[in-house]
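# Secondary and tertiary structure notes
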Amino acid sequence: MLAAVQKNATRGDPRSVVKAIDQFCRQKEWAMNVGDEKGCILDSVVTEVNPATVLELGTYCGYSTVRIASLLPSNAKLITLEFNPDYAAIARQVIAWAGLEDKVQLVEGASGDWIPKMKEKFGIETFDLVFLDHWKDRYLPDTKLMEECGLLRKGSILLADNVICPGTPDYLEYIRNSPRYKSQYFKSHLEYTKVEDGLEKSVFLG
Ligand SMILES: Nc1ncc2ncn(CCCCCNC(=O)c3cc(-c4ccc(F)cc4)cc(O)c3O)c2n1
Ligand SMILES: [Mg+2]
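Throughout what follows, the structure given in this document is the object of discussion. Only a predicted model underlies this, so the values are computations on that prediction, with no experimental measurement involved.

Criteria and cut-off values
- Residues numbered from 1 in each chain as written.
- Chains lettered and ligands numbered in written order.
- Predicted model: local features only at pLDDT ≥ 70, side-chain atom pairs only at ≥ 80, totals over all residues.
- Heavy atoms only, no water.
- 1 Å grid on protein atoms, 1.4 Å probe; cavity = no way out; pocket = protein on both sides within 12 Å on 5 of 7 lines; lining within 4 Å.
- Points joined across faces, edges and corners; volume = space filled by probe spheres on them.
- Nonpolar A, V, L, I, M, F, W, Y, C, P; charged D, E, K, R; others polar.
- Helix = DSSP H or I, 4+ residues; strand = E, 2+ residues; numbered from the N terminus.
- Buried < 20%, exposed > 50% of the residue type's maximum accessible area, 1.4 Å probe, protein only.
- Contact = heavy atoms within 4.5 Å.
- Donors = N, O, S within 2.8 Å, 3.2 Å for Na, K, Ca; no water.
- Near = heavy atom within 4 Å.
- Polar contact = N/O pair within 3.5 Å; in protein donor to acceptor, adjacent residues only side chain to side chain.
- Areas by Shrake-Rupley, 256 points an atom, 1.4 Å probe, with all protein chains shown as cover.
- Sits in = over half its atoms within 2 Å of the grid points.

## Here we look at empty space enclosed by the protein
Scanning the model with the defined rule gives one cavity of 30 Å³ or more in all. Of the voids in this model, the largest cavity is the one considered here, and its volume is about 30 Å³. What lines the largest cavity is simply Met32, Asn33, Val34, Gly58, Thr59, Tyr60, Tyr63, Ser64 and Asp133. The class makeup of the residues in the lining of the largest cavity is four nonpolar, four polar and one charged.

## Topic: the environment of Ala31
Among the secondary structure elements, Ala31 is positioned in the loop between helix H2 (14-27) and helix H3 (35-49). Using a relative accessible area of 4% as the deciding quantity, one classes Ala31 as buried. Separated by 30 residues in sequence, Ala31 and Met1 place their C-alpha atoms 9.1 Å apart. Look past the residues within four positions of Ala31 in its chain and what remains in contact with it is Met1, Cys25, Tyr60, Glu191 and Tyr192.

## Quick notes on the coordination of the magnesium ion (ligand 2)
Donor atoms from the polypeptide that coordinate the magnesium ion (ligand 2) comprise Asp133 (OD), Asp161 (OD) and Asn162 (OD1), at 2.0 to 2.2 Å from the metal. Of note, the magnesium ion (ligand 2) draws all its donor residues from one chain, in the sequence arrangement D-x27-D-N. Of the two residues, Asp133 is situated in the loop between strand S4 (127-132) and helix H8 (139-148) and Asp161 in the loop between strand S5 (152-160) and helix H9 (163-167); the sequence distance between them amounts to 28 residues. Here the two residues Asp133 and Asp161 agree in accessibility, since each one is buried.

## Focus: the site of ligand 1
Around ligand 1 lies a shell of 20 residues, among which Ser111, Asp133, Lys136, Asn162 and Glu191 are the nearest. Measuring from an oxygen atom of ligand 1, one finds a side-chain N or O atom of Asp133 at 2.8 Å. Lys136 is positioned with one of its side-chain polar atoms (N or O) 2.9 Å from an oxygen atom of ligand 1. Contact with the protein chains covers 79% of the free accessible surface of ligand 1, which is 700 Å². Judged by its atoms lying within 2 Å of the grid points, ligand 1 is housed in the largest pocket. Going through the elements one at a time, strand S2 (77-82) and H9 are the ones with two or more residues in the shell around ligand 1.

Rendered as structure tokens:
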């Protein structure tokens, strides 16, 4: 995938990086990027929120990191957490190829360990937008952890990938029934397939 980016995408051009990855995943080898269909929904949410601070849980190869960072205002900050060092190494190169390294801080480690340290380590007060795309059974505990750590403010937006496939039933149950969130489901398809999937957008009400 990285070779495809370096061969087919223009340095400093995030859209060409996104296009190169999508082409590779459609033609050569499926991969678990959010993909171009759900990616357009992601783009519209990022544009609407126009966040100054973003947390991405699960960088993988940096595809959604590049999509998000390319839409951020100049002083905005995107922190992305990746557990797997091999994925992180690829993601750093993909983000650099897109010319977005100044907007992105890639942190290697587990969400459960890093979420409590966000304030002290990165001087973050609260996140305007959180994109959940990591272990599906970590969406709920990490959301509760972000609440407890005071990382969400009235109006913070959570956008969760894969709420249908692979599925995050406990997270959906919680977020859709909690009086502290207003949720909306965006029906779509699993990246590069015809299988149903979707994004759940939730506003924290404080
Ligand atoms: N706690 C913590 N902190 C930080 C972390 N960084 C990474 N991880 C571990 C995350 C490992 C990858 C997560 N993503 C997925 O598993 C995923 C899977 C599919 C999929 C697969 C096969 C199918 F047949 C159908 C659908 C599609 C998607 O869009 C997915 O996002 C972390 N964990
Ligand atoms: Mg995903």
